[in-house]
Amino acid sequence: MESFDEFEIIGGIVPNLIAFRLFLGAIGYFALTGKMAEMFGIKKRPK
């Protein structure tokens with residue numbers, strides 16, 4: 001069975017999970033506020 005010692009080579013699991021969460025949050029933010037939101041009808045275009 002693999003131990004958690006192997007993951008310490010790349011900086012640890014927790015910092016990577018935090019960075020991944022921030023990355024997904026940024027994608028979600030831009031998806032809900034940009035052109036993608038207009039395509040899906042979430043954000044209405046100004047008339």
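Note that the structure is predicted; figures quoted are calculated from it, not measured. (Residues numbered from 1 in each chain as written. Predicted model: local features only at pLDDT ≥ 70, side-chain atom pairs only at ≥ 80, totals over all residues. Heavy atoms only, no water.)

*Asks:* Before we go on, may I ask you to explain the overall build of the protein chain in this structure?
*Replies:* For the protein chain, the helix and strand inventory stands at 2 helices and 0 strands. Summing over all exposed atoms, the protein chain offers an accessible surface of approximately 4600 Å²; the carbon and sulfur share of this is 71%. (Helix = DSSP H or I, 4+ residues; strand = E, 2+ residues; numbered from the N terminus. Areas by Shrake-Rupley, 256 points an atom, 1.4 Å probe, with all protein chains shown as cover.)

*Asks:* Quick question: what am I supposed to make of the packing of aromatic side chains here?
*Replies:* The relation between two aromatic rings is expressed through the spacing of the ring centres and the mutual angle of the planes. This model, assessed by the stated rule, comprises 1 aromatic pair. Look at Y29 and F30: their rings are 5.2 Å apart centre to centre, the planes differ by 70°, and that puts the pair in the edge-to-face class. As far as burial versus exposure is concerned, Y29 and F30 are alike and both exposed. (Phe/Tyr/Trp six-rings, centres within 6.5 Å; stacked < 30°, edge-to-face > 60°. Buried < 20%, exposed > 50% of the residue type's maximum accessible area, 1.4 Å probe, protein only.)

*Asks:* Sorry, what's going on with a nonpolar patch on the surface here?
*Replies:* Among the surface-exposed residues, I13, V14, L17, I18 and L22 lie close enough to one another that they form a single nonpolar patch of about 490 Å² accessible area. Overall, the relative accessible area of 52% leaves L17 in the exposed class. (Patch = residues over 30% accessible without salt bridge, like charges linked within 9 Å, V, L, I, M, F, W, Y side chains within 5 Å. Salt bridge = Lys/Arg side-chain N within 4 Å of Asp/Glu carboxyl O.)

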